[in-house]
Amino acid sequence: AGADYMTERANLAKQYQGENLELQIQKRLEGAQGKFELDLQLQLNASESLALFGQSGVGKTSILRMLAGLVAPDHGRIVFDGEVWFDSDHKINLATPSRSIGMVFQNYALFPHLNVRENIAFAAGAKSTSWVNQLLELSDLSNLQTQAVQHLSGGQKQRVALARALARRPKLLLLDEPLSALDQHIRLQMQDHLQMMHRELGMSMIIVSHDIAEVFKLSQKVVLIEAGKVARCGSPHQVFLQQKSQGKLHLQAQILAIRIEEVVCVVSLLIGQEIIEIIASQEDIKGLKVGDQIAI
């Protein structure tokens, strides 16, 4: 039976060669607005980075958990790098340890009885001293490597969790708002670390983030999810800067702040008694300054 199972997986994999990741899943979920059907199809090229974006409760974390094998879809298939991870028709559901993934979720999930270095080394395996040293350095944890994890701040714990996820040299890195606990300075540093590790390891990466500037910096492709389905898909510029509306609405706004975050500009606007932030290009804000009244 075991041999037949492996043969079935191998035969199915040949059908799905092409994209690095092919995801076609349906799952009944319950969110803030009640029960809904997650019905998703997406593809990810080898070494590509993709961001899942949308309001809370639309199924973004559930997608990561299904990719990780922690939750099974109701129907569909997941194929990664030519290997079938899940196929409901053929009753295939590869266990989490057998999937080439690294995971960083919001609750850290560190081993409380191990120190910083031991947490990372546990995932790296034997004879990986130099690799563990490199991860400690990249994550700015070298001076904390003998600290017990319960004595770390939330941001430090998140850095340990990220380093541990990278320790297996995964082909697919799954990140659920991994930098949300960090202050802005460390967050930008860790974004740089993620970019560098993504380039060096050549892994595919899927990140859930509510920070649009972070999405611009870390992802090549964005999937905007609304009501359990893909509303828009494309590059960050295509998804966030090239939206076309069916009608026109003119509002008067005052510029409160202009923040340039490496690859994107965030403009804070006062409209009536409400403050909103919008994403703009460098060309859009040319000649504008704080205090200006503009029509949008």
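Look up: the structure comes first, before these words.
Heads up: these notes are all about the structure in this document.

**Things to note about the pairing of strand β3 (residues 49-53)**
Part 1: A large share of β3 lies buried, amounting to five of its five residues.
Part 2: The alternating pattern of β3 places Ser-49, Ala-51 and Phe-53 on one face and Leu-50 and Leu-52 on the opposite face, and all of these are buried.
Part 3: Across four bridges, the pairing between β3 and strand β9 (residues 204-208) is parallel. Opposite Ala-51, over in β9, you have Ile-207 as the bridge partner.
Part 4: Bridge analysis of β3 against strand β10 (residues 221-226) gives four bridges, and the strand direction is parallel. Of the residues in β10, the one forming a bridge with Phe-53 is Leu-224.

**Considerations on the pattern of salt bridges**
Part 1: Following the criterion strictly, the structure yields twelve salt bridges and no others.
Part 2: Note that Asp-74 is salt-bridged to Lys-27, the shortest N-O span being 3.5 Å. Of the two residues, Asp-74 sits in the loop between α2 (60-68) and β4 (75-80) while Lys-27 sits in strand β1 (residues 21-31), which places them 47 residues apart along the sequence.
Part 3: Taking the relative accessible area as the measure of exposure, Asp-74 reaches 34% and is therefore partly exposed.
Part 4: A relative accessible area of 16% means that Lys-27 is categorised as buried.
Part 5: Two residues, Arg-259 and Glu-277, come together in a salt bridge whose shortest N-O distance is 3.4 Å. Placement of the pair is Arg-259 in strand β12 (residues 252-261) and Glu-277 in strand β14 (residues 274-280), with a sequence separation of 18 residues.
Part 6: Take Arg-259: its relative accessible area is 35%, and that puts it in the partly exposed class.

**Examining the sheet that holds strand β13 (residues 264-271)**
The strands that make up a sheet are held in pairs by hydrogen bonds between backbone atoms, and each pair lies either parallel or antiparallel.
Part 1: In spatial order, the strands read β14-β13-β12-β15; together these four strands make up an open sheet with antiparallel pairing. For this open sheet the edge positions go to β14 and β15 (293-295), each flanked by a neighbour on one side alone. When strand polarity is set aside, the average angle formed by the axes of neighbouring strands in this sheet is 45 degrees.
Part 2: Note: β13 against β14, seven bridges, orientation antiparallel. What sits directly across from Leu-269, in β14, is Ile-276.

**What to know about the sheet that holds β1**
Part 1: One open sheet holds the five strands; their spatial order is β2-β1-β4-β5-β6, and the pairing between them is antiparallel. Strands with a single pairing partner mark the edges of an open sheet, and in this sheet they are β2 (34-44) and β6 (92-93).
Part 2: One ladder, built from six bridges, connects β1 with β4; its direction is antiparallel. Bridge assignment links Glu-22 to a residue of β4, and that residue is Val-79.
Part 3: Along the sheet, α2 makes contact with β1, β2, β4 and β5 (83-87), crossing β1 at roughly 125 degrees.

Definitions and cut-offs
- Residues numbered from 1 in each chain as written.
- Predicted model: local features only at pLDDT ≥ 70, side-chain atom pairs only at ≥ 80, totals over all residues.
- Heavy atoms only, no water.
- Buried < 20%, exposed > 50% of the residue type's maximum accessible area, 1.4 Å probe, protein only.
- Helix = DSSP H or I, 4+ residues; strand = E, 2+ residues; numbered from the N terminus.
- Pairing = 2+ DSSP bridges.
- Salt bridge = Lys/Arg side-chain N within 4 Å of Asp/Glu carboxyl O.
- Axes fitted to C-alpha atoms, helices over the stretch in contact; angles between N-to-C directions.
- Contact = heavy atoms within 4.5 Å.

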